[in-house]
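Overview (structure and organization)
In case you want the letters, here they are:
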Amino acid sequence: MARKTDIPSSYYGEPRKFDPTFRGPVHNRSCTDVVCCVIFIVGILGYIALGSVAWIHGDPRKVVFPTDSHGQFCGQQGTNNANKAILFYFNILRCASPSVLINLQCPTTQLCVSKCPDRFATYREMKRNYKNWEYYKQFCRPGFDNPEKPVDQVLRDEDCPSMIVPSRPFLQRCFPDFITRNGTLMVHNQRSFQDGDGVTRSVADLRDAANGIASLLDAKEVGMKIFEDYASSWYWILIGLVITMVVSLLFILLLRFTAGVLLWLVIFGVLTALGYGIWHCYWEFSSLRGNSDADVAISQIGFQADFSIYLQLSQTWLIFMISLSIIEAIIIIILIFLRNRIRIAIALLKEGSRAIGYIMSTLFYPIITFFLLAICIAYWAMTAVFLSSSGDAVYKVMSTQSKCIYANQTCDPETFSQSSLPAACQGSQCAFAFYGGESLYHRYILLLQLCNLFLFLWLVNFTIALGQCTLAGAFASYYWALKKPQDIPPFPLFSSFGRAIRYHTGSLAFGALILAVVQMFRIGLEYLDHKLKGSHNAFSRFLLCCLKCCLWCLERFIKFMNRNAYIMIAIYGKNFCTSAKDAFFLLMRNVVRVAVLDKVTDFLLFLGKLLISGSVGVLAFFFFTRKIPVIQEEVPSLNYYWVPLLTVIFGSYLVAHGFFNVYAMCVDTLFLCFLVDLETNDGSAARPFYMSKSLKSLLSKNNSRQPNIARGKAGKDKLTKTGKTRHR
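These lines cover the structure that appears in this document, whether it is placed above or below. The structure presented is a predicted model; accordingly, all values stated were derived computationally and were not measured.

1. Quick notes on the overall build of the chain
Of the regular secondary structure elements, the chain holds 23 helices and 13 strands. Here the chain holds 728 residues, and the buried ones make up 44% of them. Looking at the chain alone, contacts between residues at least 24 apart form 72% of all its contacts between residues at least 6 apart. In the structure as shown, the chain presents an accessible area of about 37,800 Å², 63% of it carried by carbon and sulfur atoms.

2. Focus: the state of the cysteines
All told, the structure shown has three disulfides when counted by the stated rule. Between the sulfur atoms of Cys74 and its disulfide partner Cys112 the distance amounts to 1.9 Å. Every disulfide takes its handedness from the sign of the S-S torsion; for Cys74 and Cys112 that torsion is -75°, giving left-handed. One end of the pair, Cys74, is in the loop between helix H2 (61–64) and strand S1 (86–89); the other, Cys112, is in strand S2 (residues 110–113), and 38 residues separate them in sequence. Taking relative accessible area as the criterion, Cys74 reaches 0% and is therefore assigned buried. Between the sulfur atoms of Cys116 and its disulfide partner Cys174 the distance amounts to 2.1 Å. As the torsion about the S-S bond is roughly -95°, the Cys116-Cys174 disulfide counts as left-handed.

3. Details of the environment of Cys469
Note that Cys469 resides in helix H15 (residues 445–479). A relative accessible area of 2% means that Cys469 is categorised as buried.

4. Observations regarding the nonpolar core
Across soluble globular proteins, nonpolar side chains show a tendency to be buried alongside one another. Core analysis: the largest hydrophobic core is formed by 96 residues, its most contacted members being Ile331, Ile356, Trp480, Leu508, Ile571, Leu604 and Tyr663. Ranked by residue count, the leading element in this core is H15, at 19 residues. Each residue touching Ile331, except ones within four places of it in the same chain, is listed here: Val270, Leu271, Leu274, Phe603 and Leu607. Among the nonpolar cores identified, the runner-up in size contains 21 residues, and Trp133, Val151, Leu155 and Ile164 belong to it.

5. Overview of a nonpolar patch on the surface
A cluster of nonpolar side chains, Trp234, Tyr235, Leu238, Val242, Met245, Val246, Leu250, Leu253, Leu254 and Met360, forms an exposed patch at the surface whose accessible area comes to about 910 Å². The topology assignment puts Trp234 in helix H8 (residues 213–288).

6. Points about the side chain of Thr470
By the element assignment, Thr470 lies in helix H15. What Thr470 contacts, discounting residues up to four positions off in sequence, is Tyr365, Leu493, Ser496, Phe497 and Ala500.

7. Concerning the pattern of salt bridges
Using the criterion set out here, one finds five salt bridges in the structure. Across the salt bridge formed by Asp118 and Arg119, the nearest N and O atoms sit 3.1 Å from each other. Here Glu555 ties to Lys559 by a salt bridge, and the two come within 3.6 Å at their closest N and O atoms. With Glu555 and Lys559 both in helix H18 (residues 538–572) and four residues apart, this pair spans about one turn of that helix. Taken together, the shared-partner salt bridges connect Arg522, Glu555 and Lys559 into one network.

Thresholds, definitions, all that
- Residues numbered from 1 in each chain as written.
- Predicted model: local features only at pLDDT ≥ 70, side-chain atom pairs only at ≥ 80, totals over all residues.
- Heavy atoms only, no water.
- Helix = DSSP H or I, 4+ residues; strand = E, 2+ residues; numbered from the N terminus.
- Buried < 20%, exposed > 50% of the residue type's maximum accessible area, 1.4 Å probe, protein only.
- Contact = heavy atoms within 4.5 Å.
- Areas by Shrake-Rupley, 256 points an atom, 1.4 Å probe, with all protein chains shown as cover.
- Disulfide = S-S within 2.5 Å.
- Core = buried A, V, L, I, M, F, W, Y, C linked by side-chain atoms within 4.5 Å.
- Patch = residues over 30% accessible without salt bridge, like charges linked within 9 Å, V, L, I, M, F, W, Y side chains within 5 Å.
- Salt bridge = Lys/Arg side-chain N within 4 Å of Asp/Glu carboxyl O.

What is shown is where atoms sit, not what they do.
Here is the structure:
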C-alpha cells in the first residue's frame, strides 16, 4: 500500500502559482456570500423584533418581585406593598416542595408582609389570649380587624392564617427557620408544634412540606460569606488582574527580542514548578500518613466550604502528587518527541512578536471583541427574562375542601364573588396562581426562547469570526511586506476591519451559522442527558455519551477550519466555501508541518499562560494567607481565602488568554502565509521569500525532512533540475 507521502499534490489541489502582482491582502475584491449576508441581516432584524415583542409583553417585575394571591407585587415602590417585600404563606404544610413555593403555585393564600413571623402561634390560641392580636393581625388579610368573627368562618374564608411558624426570608419568601442540633432537626428550639386545628405536629412535617429548604439556607449562608469576601477583597483581586495584564504585555514584548531564551525559560520554569509541587505534596503526604485524623477519605467528609479542611487529609496531597506527576510526565514526553520542531516554533513565535511589535493596536482589539460580546450577552439575557415574564396573571379556584369539583379551575377575581362558586365550595377563593395565557404568542414562548438562544449563538460566533478575520488581515499585511516595516500599509488593523465588514459579512455569518447549528445540537443533547440522568438504561446512556463526544469533535474541527478559512478570506477575499477548501488543501499539502509545528506553538503558548497565571496565583496565595510579612496588615479579613484566590487564578488565566489569543491568531496567520510563500516563491531575485531570515535558515535545515507533498511546485521544479528528487 502506498504511503501517504506518495500521494500526488493534485490529490489535495494544485499548489499556488507565482503571481508577480501579489503583495499581500487583495484590495480589489467584491462582496462574498451575499445570500447569507441578507439572511444574517434579516436574522438581526428579526432578533430586534423578537426583543421588542418580548419587551411589550414581558414584565421583569414578575421575576424580581414575588406576587401575592391578588396578583400584586411585593416590595414594589409606589404601591401599598412598598414596605412589604416578603411573601408569606398562610399554611405552608399545603406546599409539597420548594419548586411549588418558588413558582408561586402553592394551594394556600399568599400575602405580602414586611417581616416573617418569629414565633409559633395559632389563631385559636390567639382568640384565647387577645394580647397577641396586634402581632398576629399583621399576617392577616389587609383590612381585616374583626377578632369577634367566629374562628371557623375566619379560617374557612382564610382571613387569617390558622398558624404561624418561626421563619426567615429566602428568595423573598418566608421559609421555616430550620436548624440542626446534635443531629436533630428543630425550629425555634422546638421539635414539635401545634397546627391550626390543635393537632401536635412534628417539625419533620415542615421539612417534608419544604423539602430541601434546609440545604438551600445553608447554601445561602455560604453565599453570603462568599459575597462578604468579594466585598472586602475586590480591590486586591483587581490589582492581581492588573499585574497579570502588565506581565502578559511584557512577556509578549520580550518575545520579540529574546524569544528563544524566554521560551526555554518558560519550559524549564514550568517543569521546575511542577517538580517542586510534586516534592511538596510528597512531603505533606508523608507527614500526615499514619495520623488517624488525616487518614479519612474525602468522600466521607463531603463538601466543606472551608478548603483548609481538605488540606489536613493525606488523601488530598496524594491526589495532588499523582496529578502533578502525570502532568509533568506528559510535558516531558511531548518535549522529547517534539524537540526538533521547537526551534522552528520558537522562530515562528519570534516572528509573531515582531509583527505585534509593529502593529501594537492589535493588542487592544480584544477590548472591542469583549464589548461586542457583552452587548450580545446582555441582549440575550434581557430578552430571555422578558420572554419568561410574558403573560397575564392567571387566577384559579383554591378551596380548603378536598371535594370541591371546581378546584384549580380558572376564575375571574372581579366576578368570582357574584358567581355560584363560593356557595358550591365553602371557603373557596379566586387566587393568583401563575403568569401565562392561551394566546398564540403564549403558546409559542418555548419556540421563541429557542430562537433567542440560536440567534445569540450566531451573533457570538460572528463577533469572534469578525475579530479573527480582522487580526488575520492585519498580520497578513505585515508578512507580505517585503521590506519591514517600510512596506507595511498604514493603519493595517483599521483597513482589515473595514474590508471584513464591507465585503465579507456574509462569509463570516456563514461560518458562524454552521458553528451555531452544531452548538444548538450539543445544547439539545446536554438537555436530554440532564433529563435522562435518572435512567438506568445503560445502552441509552452509552449512545448519548457517544453522540456528545462526536458532536464535541465536530465542533472542534469546525472551529479549526473556520479559523483558517477566515485567514484565507482576509488574504484573498474569496467566499467562505472556496476559502475553507483552499485552506484545507493547503494544510493537507503540508500536513507534517500542520500536525507538528502548529501544535507546538499552541503548546508553548499554553505553557506561557500557565506560567503567568500560576505565578500570579502563588503570589495571591502568599498574600491572602498572610505569609508576606511586609504587607500582613493590608490583608483583608476573609471567611474563605480560596474565594479571592481562585478568582485571581481564573481571572489571570482569562486575561493572559486574551493577550495570547491575539498572539495565537498572529502565529496562525503567519504560518499559513509561510506555507503559501513556500509554494509560490523559490528565493530567487525574481521570486524572493517574504519570510524572515531566521525562518529561512531553519527551513533550509529542516526542508529535507518534509515530504514531497509539502513542497510547492517551485520547490519540486528546483529539485527536479538538480537531480535531488527523493522517493520514499
